[in-house]
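Structure assessment
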Amino acid sequence: MLVNTKEILLKAKEENYAVAAFNVFNLETVQAAIRVAEQQQHPVIIALGERYFGTVDVEGFASLVRQLAMKASIPVALHLDHAYEKESIVRAIRAGFTSVMYDGSKYDLEENTRRTKEIVEISHMAGVSVEAEIGSVALGAFSDEEEGAGTLTDPQEAKKFVEETGVDFLAAAIGTVHGMYKCEPNIRLDLLDEIRKLVDIPLVLHGASGTPDEILREAVVRGICKVNVNTEVSLAASRHLAESFEQEERKNAHLSTIMADMQQAMEPVMTKFVRLFMNK
Ligand code: 13P
Ligand code: ZN
Ligand code: NA
């Protein structure tokens, strides 16, 4: 069933596990995410980035997810990922998304606080929960994100930001990057501990792709409740398809076969992440 993201994450926080938020953009990616979550009997968050609002029919997409969620044997939430514009947030709320992420990380603390607070007011009126980010996650390789510079989250600022904005979940920048790492990852679990001590709402980790499994597991143990996963899943499928196109007959294959193949190539990677986050 489709449930509020907050419900999923408060339970995750209480029971000390995390839920994957898989970035999706079409039927096959949504099917893969729900199928994997059902196999593991673990909740899942379907995340659509604002950057796809130009190519994906947002309302059509939301009703598709609702239909698939209704049949699913696990809780499913529908989340707007990295939104920079208020219009996108309003559109997602109207379309039935269960949570939104307002990304004001490019602004200074005061401006980010002011803008985030306004989004929280609008969203809460509609019963939609809000994620926001302070500090900012840097950009690595092969990501579909656009922004670049990374700044680690300051724990004191995080506390103040959460109190003043009333956000439901906080994305903390602790050294992960969007996409694959260009150099050795330096993930500051100590910083996560500091933030956890001062902030009592569910914490979100962006940039799961390329992060060592043991670090992800440890981040969940230390209080991360939602982990965003994008690039690694996409790369697995792209690379599988690229390899398969080396066979001559594949070049004339029906597109439906290729799409089904794409979905199949994503699933084992998604399963790896879900199992890590289950913290069992
Ligand atoms: P990765 O692409 O590194 O998995 O990051 C995903 C993400 O943070 C989406 O918001
Ligand atoms: Zn992200
Ligand atoms: Na990453």
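Keep in mind that what you see is a predicted model, and the values were worked out from it rather than measured.

1. Notes on helix H5 (residues 109–125)
Taking 1.5 Å of rise per residue, the 17 residues of H5 would be expected to cover 24 Å, and the 24 Å separating its terminal C-alpha atoms lies within 8% of that figure. The complete set of buried residues in H5 reads Asn112, Thr113, Thr116, Ile119, Val120 and Ser123. In a view along the axis of H5, the buried residues occupy a sector of 135 degrees, so they form one face of it. Facing away from the buried side of H5 by more than 90 degrees, the exposed set consists of Glu110, Glu111, Glu121 and Met125. Packed against the buried residues of H5 are helix H4 (86–95), strand S4 (99–102), strand S5 (129–134) and helix H6 (155–165). Positive phi shows up at Gly127, right after H5, with a value of about 75 degrees.

2. Here's the deal with the site of ligand 1
In the neighbourhood of ligand 1, 15 residues make up the surrounding shell, with His206, Ser209, Asn228, Asn230 and Thr231 lying closest. At the level of elements, strand S3 (76–83), strand S10 (224–229) and helix H9 (231–244) are the ones that each hand at least two residues to the shell around ligand 1. Here the residues of the shell around ligand 1 sort into two nonpolar, 11 polar and two charged.

3. Observations concerning the packing of helix H2 (residues 27–40) against helix H10 (residues 255–277)
Their axes nearest at 8 Å, the elements H2 and H10 cross at an angle of 40 degrees. As the angle between them shows, H2 and H10 are arranged oblique. Note that H2 runs across H10; the crossing there is right-handed. Between H2 and H10, the residues in contact are Glu28, Thr29, Gln31, Ala32, Ala33, Arg35, Val36, Ala37, Gln39 and Gln40 and Met259, Met262, Gln263, Met266, Glu267, Met270, Thr271, Val274 and Arg275, respectively. Each residue belonging to the contact of H2 with H10 can be placed in one class, and the counts come to nine nonpolar, six polar and four charged.

4. What to know about unusual backbone geometry
Positive phi, close to 50 degrees, is recorded for Gln41, a residue that is not glycine. Mapped onto the elements of the fold, Gln41 is located in the loop between H2 and strand S2 (44–49). Its 10 C-beta neighbours within 10 Å are what place Gln41 among the exposed residues. With a phi angle near 65 degrees, Phe142 is a residue other than glycine that sits in the positive phi range. Residue classification places Phe142 among the partly exposed residues on the basis of 15 C-beta atoms within 10 Å.

5. Observations regarding the confidence of the model for the protein
Scored by pLDDT, the protein comes out at a mean of 97, with 99% of its residues at no less than 70. For the protein, per-element mean pLDDT is lowest for strand S6 (residues 138–139), which scores 93, and highest for strand S1 (residues 19–23), which scores 99. If you check the scores for this complex, the pTM reads 0.98 and the ipTM reads 1.00.

6. Details of H10
The terminal C-alpha atoms of H10 lie 33 Å apart, and with 23 residues this matches the ideal 33 Å at 1.5 Å per residue to within 8%. At Glu267, H10 shows its maximal bend, which comes to roughly 25 degrees, and the proline Pro268 appears one to four places after that position. Those residues of H10 that fall on the buried side of the exposure criterion are Met262, Ala265, Met266, Met270, Phe273, Val274, Leu276 and Phe277. Taken together, the buried residues of H10 touch S1, H2, helix H8 (213–221), S10 and H9. Positive phi appears at Asn279, one or two residues downstream of H10, with a value of about 55 degrees.

7. Description of the sheet that holds S1
Pairing within the closed barrel is parallel, and its eight strands lie in the order S1-S2-S3-S4-S5-S7-S9-S10. In this sheet, neighbouring strand axes are inclined to one another by 25 degrees on average, regardless of whether the strands run parallel or antiparallel. Across four bridges, the pairing between S5 and strand S7 (residues 169–172) is parallel. Bridge assignment links Glu133 to a residue of S7, and that residue is Ala171. Against the sheet, H5 makes contact with S4 and S5, and its axis sits at roughly 170 degrees relative to S5, the strand it touches most. The strands touched by H10 are S1 and S10; relative to S1, the strand with the most contacts, the crossing angle is about 155 degrees.

Conventions used here
- Residues numbered from 1 in each chain as written.
- Chains lettered and ligands numbered in written order.
- Predicted model: local features only at pLDDT ≥ 70, side-chain atom pairs only at ≥ 80, totals over all residues.
- Helix = DSSP H or I, 4+ residues; strand = E, 2+ residues; numbered from the N terminus.
- Expected span 1.5 Å × (residues − 1).
- Buried ≥ 20, exposed ≤ 12 C-beta atoms within 10 Å, placed from the backbone.
- Arc of directions from axis to C-beta.
- Contact = placed C-beta atoms within 7 Å.
- Near = placed C-beta within 6 Å.
- Nonpolar A, V, L, I, M, F, W, Y, C, P; charged D, E, K, R; others polar.
- Axes fitted to C-alpha atoms, helices over the stretch in contact; angles between N-to-C directions.
- Parallel < 35°, antiparallel > 145°, perpendicular 65-115°, else oblique.
- Left-handed = near helix turned anticlockwise from the far one by under 90°.
- pLDDT = per-residue confidence, 0-100.
- Bend = angle between axes of the 7 residues up to and from the residue.
- Pairing = 2+ DSSP bridges.

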